[in-house]
Amino acid sequence: MKKKLFLAGILGLALIFALTLIGCPNDGGDGGDNPGNNDGGGNPLLGTWVDDDRLQLLSEAVIFTDSASTSATAAPGTKIAYYSTNLSGGNDISNVGGTDQLMIGNTQYIVELNAGQLVLKDYIPPQGQGGPNPVDAQDVTFKRAPGTSGSGLPGIWIPDGTVVNTAHPQYTIILIGGTSRKRVWSTVGNNDWGVVNYFLSEVGGNTVISWDGGNALSYNKSTIGMNNTTSLVIRLPGKNGDSTLYPLYTNPTF
């Protein structure tokens, strides 16, 4: 009996020693704002991807979050993303007489932060977007996009669905960030941006993406060039062709 216990103890010690040498696998990414550095098999797309990593001529963006879809019919593991295929702007927020002002389209708006919400004063919806005619300007409220982060004005702002605004703010998404932390891009048009569910799966050893429960689409994430730039070739919702996007890391961020 003592001999058996001795052998069991030796085997246990050997097992512990082997596990120490092998180590434990890392199941997550780097935990930061680097959406392409998930070495442990985590989500390889998390973060913000744009078509111009210099943030000069920004026109397309997609933000992959780790927030679970709220749809009752979505498959387990489905997450929320935000995208825009027609961004414009690139102007900095100005401060006139102690009030912050930003440009959306050709209109300058006074903007306020109120209990974590962004309020555009006297908002006028764009022509042809289904607003009342004649249009009465009114204050409209935006919320920080769920699953995204930010403090103060910088961040990604989408319409606050809990507030009924006849001025149709649902046709606008606002991105504030960049190296200055106050540069503004926006999309005005209900077909040019959206909140969408996405699901990643494995097909033939490759990861594919499905938008809103649709057909699986392949994408290609690779390292290119002498500067080891990461590129993402992916088809955004509502587009017929692929887009080539680049990651925003910790600075600048939205």
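Residues numbered from 1 in each chain as written. Predicted model: local features only at pLDDT ≥ 70, side-chain atom pairs only at ≥ 80, totals over all residues. Heavy atoms only, no water.

1. Regarding the packing of aromatic side chains
Selection criterion: Geometry of aromatic contacts follows a simple scheme: Phe, Tyr and Trp rings, the Trp one being its six-membered ring, pair when their centres are within 6.5 Å, and the pair is stacked under 30 degrees between planes, edge-to-face over 60, tilted otherwise. The numbering of helices and of strands both runs from the N terminus, where a helix is a DSSP run of H or I of at least 4 residues and a strand a run of E of at least 2. When a residue's accessible area, from a 1.4 Å probe over protein chains only, is under 20% of the maximum for its type it is buried; when over 50% it is exposed; and in between it is partly exposed.
Overall, the coordinates contain 2 aromatic pairs when judged by the stated rule. Arranged with centres 4.9 Å apart and planes meeting at 75°, the rings of F64 and Y198 form a pair that is edge-to-face. Of the two residues, F64 sits in strand β2 (residues 61–68) while Y198 sits in strand β13 (residues 193–203), which places them 134 residues apart along the sequence. Y198 carries the same exposure label as F64, and that label is buried. Ring geometry for F64 versus W211: centroids 5.9 Å apart, planes at 20°, classification stacked. Residue F64 is found in strand β2, and its partner W211 is found in strand β14 (residues 206–211); the two are separated by 147 residues along the sequence. For the residue pair F64 and W211, the accessibility class agrees, reading buried in each case.

2. Notes on the sheet that holds strand β10 (residues 155–159)
Which entries qualify depends on this criterion: Pairing between strands requires that DSSP locate at least two bridges from one strand to the other. All axes here are fitted lines through C-alpha atoms, helices being fitted over the stretch that makes contact, and every angle between N-to-C directions spans 0 to 180 degrees.
Spatially, the 9 strands line up as an open sheet ordered β4-β12-β11-β10-β9-β8-β7-β6-β5, and their pairing is antiparallel. Either end of the sheet is taken by a strand with one partner, and the two such strands are β4 (88–92) and β5 (94–96). On average, each strand axis in the sheet is inclined to that of its neighbour by 35°, with strand direction left out of account. Across 4 bridges, the pairing between strand β7 (residues 107–114) and strand β8 (residues 117–123) is antiparallel. Residue pairing across strands places N114 opposite Q117, the latter belonging to β8.

3. Things to note about the side chain of N197
Our working rule: Side-chain atoms alone can form a polar contact between residues adjacent in sequence; in general such a contact is a pair of N or O atoms within 3.5 Å, and within protein one must be able to donate a hydrogen while the other accepts it. For this analysis, residues touch if any pair of their heavy atoms sits within 4.5 Å.
Among the secondary structure elements, N197 is positioned in strand β13. Only 3.0 Å separates the side chain of N197 from the side chain of S69, close enough to count as a polar contact. Those residues in contact with N197 that lie beyond four places of it in its chain are S69, S71, T78, K79, I80, S210, W211 and D212.

4. Description of the sheet that holds strand β17 (residues 229–234)
Strand order in the open sheet formed by 9 strands is β15-β14-β13-β3-β2-β1-β18-β17-β16, and the pairing between neighbours is antiparallel. The sheet is open, and its two edges are formed by β15 (216–218) and β16 (220–224), each paired on a single side. Averaged over all neighbouring strand pairs, the angle between strand axes comes to 35°, with direction disregarded. Bridge count for strand β3 (residues 79–84) against β13 is 6 bridges, and the pairing is antiparallel.

5. A short note on unusual backbone geometry
Residues other than glycine seldom take positive phi values, yet A115 does so here, at roughly 55°. In this structure, A115 sits in the loop between β7 and β8. For R181, which is not glycine, the phi torsion reads 65° and is therefore positive. Position of R181 among the secondary structure elements: in the loop between β11 (172–177) and β12 (183–188).

6. What about the environment of T179?
With respect to the helices, strands and loops of the structure, T179 is situated in the loop between β11 and β12. Since its relative accessible area comes to 69%, T179 is described here as exposed. In this structure the C-alpha to C-alpha distance between T179 and R54, which are 125 residues apart in sequence, comes to 9.5 Å.

7. Here we look at the confidence of the model for the protein chain
Basically, it comes down to this: Values of pLDDT, which run from 0 to 100, indicate the predictor's confidence residue by residue.
Within the protein chain, residue pLDDT values average 76, and 71% of them lie at 70 or more. Taken together, the stretch residues 2–8 has pLDDT below 50 and engages in 0 contacts with residues farther than four places along the chain or on a different chain.

8. Looking at the side chain of E60
Mapping E60 onto the fold places it in the loop between β1 (47–50) and β2. Within the structure, E60 has its side chain in polar contact with the side chain of S243 (distance 2.7 Å). Discounting residues that sit within four places of it in the chain, E60 has contacts with W49, V50, D51, S84, T85, L87, L236, K239, S243 and L245.

9. Section: the pairing of β14
Judged from the 6 bridges that link them, β13 and β14 form a sheet pairing that is antiparallel. Across the sheet, residue S201 finds its bridge partner in β14, namely V208. What sits between β13 and β14 in their antiparallel hairpin is a turn of 2 residues, with G204 showing a positive phi close to 60°. Looking at chain direction, β14 and β15 are connected through 3 bridges and run antiparallel. Looking at the pairing, I209 lines up with L217 of β15. Connecting β14 to the antiparallel partner β15 that follows it, the hairpin turn spans 4 residues, and D212 within it adopts a positive phi of roughly 50°.

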